[in-house]
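The lines below spell out each chain.
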Amino acid sequence: MDETRDLLVEIGTEELPPTALLPLSTAFADALSAQFGEHALAHHAVEPFATPRRLALIVRRLASRQPDREHVRRGPAVKAAFDASGAPTKAALGFAQSCGIDVDALGREDNDKGSWLVHRSIQPGQSTAALLPDLVGAALSQLPIQKRMRWGDSDVTFVRPVHWICMRFGSEPVAGHVLEVPIGTQTRGHRFHHPESLTIGSPDDYAPALRAAYVEPSFDVRRSTIRDQVTALAASVGGTASIPQELLDEVTALCEWPVALLGHFDEAFLEVPAEALIETMQQHQKYFAVRSSDGALLPSFIAVSNIESREPDVVRAGNERVIRPRFSDARFFWEQDLRIALADRRPALERIVFQHKLGTVADKSRRVAALSRQIAGLLGYDAALAERSASLAKCDLVTAMVGEFAGLQGVMGRYYAARSGEPPCVADALEEQYLPRHAGDRLPTSDCGRVLALADKLDTLVGIFAIGERPTGVKDPYGLRRAAIGVLRILIETPMRLDLRLLLDESATAFPASIPAASAAEEAYAYIMERLPGYYADQGIEADAIEAVMAVDASAPSDFDRRVRAVTAFSGLDAAAALAAANKRIANILKKSETRVDGAELSETLLQADAERRLAADVARLREDIAPLIAAGDYREALKSLAGLRPDVDRFFDEVMVMAEDPRLRANRIALVQGVRKLFTSIADIGRLRIGEQG
């Protein structure tokens with residue numbers, strides 16, 4: 001194999017979308033690496049670089065050419081290639097001529113199906129340099145770009161117009177075009193600090209040359225630099241910076257040479273809820289907020305500039321000047337909204353459509369209020385407070401603040417409810433109704449919040465399924481997957497001992513007769529329960545434990561959870577594998593048996609063998625022992641008790657013929673093994689466990 005070299009590829013563009021920069025960089029590295037794999041080009045690490053104006057990669061120790069490959073072409077069968085005298089037939093002569101050689105130079109290949117003439121040749125590998133333009137172009141074509149752009153007179157498309165392509169394979173330039181742009185050896189520095197072009201001599205020169213030209217090409221290094229600068233500036237005023245990951249990534253994607261600056265604003269703005277000010281800073285200005293040690297918002301912010309200014313005070317003053325009218329708007333919205341009590345906004349919800357087939361937001365609020373009252377009653381909570389929470393839940397949608405900052409939905413509801421004199425439980429519920437918002441998010445903690453969050457999600461699931469809008473593929477416009485996971489997490493993790501099927505049926509009763517909600521409730525139930533395997537997979541729980549519990553239709557998720565964890569613990573017992581196999585065997589016997597024993601009493605007088613008498617006695621004893629454990633939901637202890645059946649179950653199957661010729665004996669023994677199975681299926685179908693199975 002020839003030598004290896006490092007490869008530099010840089011695609012220079014107009015400013016790339018900041019929220020897409022990091023995904024594009026990762027996808028570019030993966031796609032080009034895949035191209036090399038498809039073309040048998042070995043390589044080591046791929047190091048990505050990404051700035052607002054470039055996507056770049058350095059590929060370490062890339063093979064300088066493809067390996068040579070043997071090409072085998074099979075011709076006619078030997079018996080058809082030669083006549084009786086051994087002379088080549090037309091088939092052999094034609095095959096040899098097509099290969100450009102004599103018949104005598106052809107080889108033979110034998111296998112269990114016969115013998116064939118073959119031609120073996122060595123196909124030399126192509127040089128990597130010759131392949132690179134096409135491979136890079138193919139990788140770029142696979143990037144996840146939602147909307148592609150054209151520029152100039154070309155039909156070429158990319159996420160943004162491409163201005164330059166820089167490549168170096170070792171110290172050698174690469175000839176050709178990518179996206180119809182000629183490949184060169186030059187890159188460009190910072191747009192203002194170093195607008196001149198830079199010639200790159202080798203891949204190792206790339207990062208140092210750009211850093212000297214006020215461009216930090218590494219996304220990770222830039223992100224760490226920003227985090228460190230922001231943290232230090234916040235500490236300089238005795239505070240801690242709020243650095244959400246999404247905001248940090250976006251700011252990193254907006255600059256090539258980050259310089260953080262500390263700004264200040266009028267303390268009078270702190271009368272506005274902190275969340276509104278933070279939303280303004282983060283969403284509109286991409287600033288980082290600063291909090292005190294007790295979590296209170298400080299009258300400071302941190303902006304990150306893309307320039308190392310000779311007059312930082314001027315830059316700081318400019319940012320302070322920009323934020324002032326934004327905060328003034330937020331204060332105006334706050335003061336205007338407080339003039340109307342939250343409850344007085346309910347009539348406005350009649351004018352907001354939730355879904356054109358399901359009515360207005362007011363309609364939804366009434367349905368959720370009815371369901372909330374029912375759920376609160378089941379849990380022994382204050383039903384009036386739960387109903388009040390639901391009736392006010394969506395009122396902040398018609399406030400000026402939420403109209404401007406949609407992300408504050410629920411948060412502002414809590415503030416306005418508190419200012420309107422609503423009970424704390426009601427106010428807290430208005431924010432908690434949307435929890436959990438995403439994977440790993442916190443759950444509602446107040447009684448009203450848990451009830452409202454659950455009722456709201458159930459109403460959405462039943463309603464959307466009732467109008468036939470089930471999610472398909474990646475499309476989930478109503479967030480039903482998130483709602484389903486939220487329902488499970490609330491019921492399991494808070495926990496709430498409620499039957500999910502009954503809750504969905506109750507939710508369906510609130511819809512008008514014109515909407516087939518009753519039939520949709522069961523579909524919604526199945527959809528929610530389908531999320532359980534993924535939920536448990538994230539916790540390392542095996543799929544067979546989930547299947548075992550699914551088989552007994554435990555419709556209360558908190559109860560389902562206790563069963564799954566009990567089965568998981570049971571799987572680790574010494575007796576588990578044998579008992580799982582025995583239950584599977586019993587299930588097969590019952591399935592194949594023509595003898596029906598449902599509800600039949602076991603006859604002690606027909607118990608002949610000692611093994612069946614002992615098993616029958618154990619089954620009767622354990623039935624009494626585990627009944628209170630199951631009633632208390634202590635499935636782990638119940639299964640632990642049932643594990644004691646193993647010796648007698650093993651002995652029974654070793655010594656007793658279940659399918660006896662005498663029909664009375666056969667029926668009695670089937671009734672006995674069915675009793676064993678019923679003990680276990682009162683918790684889970686452990687016959688579905690694959691303990692010790694291969695593959």
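Bear in mind that the values here come from a model prediction, so they are computed numbers and not experimental data. (Residues numbered from 1 in each chain as written. Predicted model: local features only at pLDDT ≥ 70, side-chain atom pairs only at ≥ 80, totals over all residues. Heavy atoms only, no water.)

1. Description of helix α6 (residues 219–236)
Argument step 1. For α6, built from 18 residues, the straight-helix expectation of 26 Å at 1.5 Å per residue is met to within 8% by its first-to-last C-alpha distance of 26 Å.
Argument step 2. Where α6 terminates, the next one or two residues include G238, which has phi positive at roughly 75 degrees. (Helix = DSSP H or I, 4+ residues; strand = E, 2+ residues; numbered from the N terminus. Expected span 1.5 Å × (residues − 1).)

2. Side note on helix α8 (residues 274–285)
Argument step 1. With 12 residues, α8 should cover 16 Å at 1.5 Å per step; its first-to-last C-alpha distance of 16 Å lies within 8% of that length.
Argument step 2. Most of α8 is tucked away, with nine of its 12 residues classed as buried.
Argument step 3. Looking only at α8, the buried set comprises A274, A276, L277, I278, E279, T280, M281, Q282 and Q285.
Argument step 4. Looking at the buried residues of α8, the elements they touch are α7 (245–254), β17 (288–291), β18 (297–305), α9 (312–337), α12 (400–404) and α13 (411–419).
Argument step 5. Directly after α8, the chain includes K286, whose backbone phi takes a positive value near 60 degrees. (Buried < 20%, exposed > 50% of the residue type's maximum accessible area, 1.4 Å probe, protein only. Contact = heavy atoms within 4.5 Å.)

3. Overview of the state of the cysteines
Argument step 1. Considering all chains together, one arrives at one disulfide under this definition.
Argument step 2. A disulfide-free cysteine, C395 has its sulfur positioned 15 Å from the sulfur of C448, the nearest such atom.
Argument step 3. Look at C395 and you get buried, because its relative accessible area is 0%. (Disulfide = S-S within 2.5 Å.)

4. Comments concerning the pattern of salt bridges
Argument step 1. Using the criterion set out here, one finds 45 salt bridges in the structure.
Argument step 2. Salt-bridge contacts for R388 lead to E422; the nearest nitrogen and oxygen are separated by 2.7 Å. In this pair, R388 is assigned in helix α11 (residues 383–392) and E422 in the loop between α13 and α14 (424–432), connecting sequence segments 34 residues apart.
Argument step 3. Of the residues examined, R388 reaches a relative accessible area of 28% and is grouped as partly exposed.
Argument step 4. For E422, a relative accessible area of 12% gives the class buried.
Argument step 5. Put simply, K364, R367, K394, D456 and D459 are held in one network by salt bridges that share partners. (Salt bridge = Lys/Arg side-chain N within 4 Å of Asp/Glu carboxyl O.)

5. What to know about the sheet that holds strand β15 (residues 240–241)
Argument step 1. With respect to topology, four strands assemble into an open sheet ordered β15-β17-β18-β16, the strand pairing being antiparallel. Strand pairing shows two members of the sheet lacking a second neighbour, β15 and β16 (259–264), which therefore form its edges.
Argument step 2. Contacts from α6 reach β15, β16, β17 and β18 within the one sheet, and its direction differs from that of β16 by about 30 degrees.
Argument step 3. Across the sheet, α8 lies against β17 and β18, angled at about 10 degrees from β18, the strand it touches most. (Pairing = 2+ DSSP bridges. Axes fitted to C-alpha atoms, helices over the stretch in contact; angles between N-to-C directions.)

6. Concerning the nonpolar core
Nonpolar side chains in soluble globular proteins tend to be buried together.
Argument step 1. Of all hydrophobic cores here, the largest spans 136 residues; its most connected members are M281, I375 and M401.
Argument step 2. For this core, the leading source of residues is helix α15 (residues 447–466), giving 12 residues.
Argument step 3. When near neighbours in sequence (up to four residues on either side) are disregarded, M401 contacts V272, A276, A330, F333, W334, D337, L408, M412 and Y416.
Argument step 4. In this structure, V156, M167, F169 and V174 belong to the second largest nonpolar core, which totals 41 residues. (Core = buried A, V, L, I, M, F, W, Y, C linked by side-chain atoms within 4.5 Å.)

7. What about the packing of aromatic side chains?
Argument step 1. Considering all chains together, one arrives at 13 aromatic pairs under this definition.
Argument step 2. Pairing Y287 with F301 gives two aromatic rings, centres 4.6 Å apart and planes at 10 degrees, and the pair type is stacked. Placement of the pair is Y287 in the loop between α8 and β17 and F301 in strand β18, with a sequence separation of 14 residues. There is no split in this pair, since Y287 and F301 are both buried.
Argument step 3. Measuring from centroid to centroid gives 6.3 Å for Y536 and F560, while their planes differ by 20 degrees, and the two rings are stacked. In this pair, Y536 sits in helix α19 (residues 532–537) while F560 sits in helix α21 (residues 557–571), placing the two residues 24 residues apart along the sequence. Of the two residues, Y536 and F560, neither departs from the other in class, the shared state being buried.
Argument step 4. Site record: aromatic cluster; members linked through ring pairs are F265, F269 and F327.
Argument step 5. A cation over a ring is seen here: R74 above W116, with NZ or CZ 4.2 Å from the ring centre.
Argument step 6. In this structure, K364 is placed above the aromatic ring of F354, and the distance from its NZ or CZ to the ring centre is 4.8 Å. (Phe/Tyr/Trp six-rings, centres within 6.5 Å; stacked < 30°, edge-to-face > 60°. Lys NZ or Arg CZ within 6 Å of the ring centre and 35° of its normal.)

8. Things to note about the layout of surface pockets
Argument step 1. By volume, the largest pocket amounts to about 670 Å³.
Argument step 2. Taken together, 18 residues form the lining of the largest pocket, with E279, Q282, G407, V411 and R437 sitting closest to its centre. (1 Å grid on protein atoms, 1.4 Å probe; cavity = no way out; pocket = protein on both sides within 12 Å on 5 of 7 lines; lining within 4 Å. Points joined across faces, edges and corners; volume = space filled by probe spheres on them.)

9. Quick word on the packing of α21 against helix α24 (residues 635–642)
Argument step 1. Two elements in contact, α21 and α24, have axes separated by 8 Å at closest approach and are oriented at 35 degrees. For the pair α21 and α24, the crossing hand works out as right-handed. Two secondary-structure elements touch here, α21 through D559, R562, R563, R565, A566, V567, A569 and F570 and α24 through Y635, R636 and L639.
Argument step 2. Here the residues of the contact of α21 with α24 are counted per class, giving six nonpolar, no polar and five charged. (Left-handed = near helix turned anticlockwise from the far one by under 90°. Nonpolar A, V, L, I, M, F, W, Y, C, P; charged D, E, K, R; others polar.)

10. Things to note about the packing of helix α20 (residues 543–550) against α21
Argument step 1. For the pair α20 and α21, the least separation of the axes is 9 Å and the interaxial angle reads 130 degrees. The pairing of α20 with α21 is recorded here as oblique in orientation. As α20 runs across α21, the sense of the crossing is right-handed. Across the interface between the two elements, A545, I546, V549 and M550 from α20 touch F560, R563, V564, V567 and T568 from α21.
Argument step 2. Across the contact of α20 with α21, the residue classes break down as seven nonpolar, one polar and one charged. (Parallel < 35°, antiparallel > 145°, perpendicular 65-115°, else oblique.)

11. Thoughts on the environment of F570
Argument step 1. On the secondary structure map, F570 appears in helix α21.
Argument step 2. When sequence neighbours within four positions are dropped, the list of residues in contact with F570 reads A576, L579, L639, A643, F680, I686 and L689.

12. Observations regarding the sheet that holds strand β5 (residues 107–111)
Argument step 1. Taken in spatial order, the three strands line up as β4-β6-β5 in an open sheet, and their pairing is antiparallel. The sheet is open, and its two borders are formed by β4 (69–77) and β5, each paired with just one other strand. Sheet twist, expressed as the mean angle between neighbouring strand axes with direction ignored, is 40 degrees.
Argument step 2. By the bridge criterion, seven bridges tie β4 to strand β6 (residues 114–123) in an arrangement that is antiparallel. Among the inter-strand pairings, E70 is bridged to a residue of β6, identified as I122.
Argument step 3. Against the sheet, helix α3 (residues 90–99) makes contact with β4 and β6, and its axis sits at roughly 160 degrees relative to β4, the strand it touches most.

Note that every value here comes from positions in space, so none of it alone points to a role or purpose.
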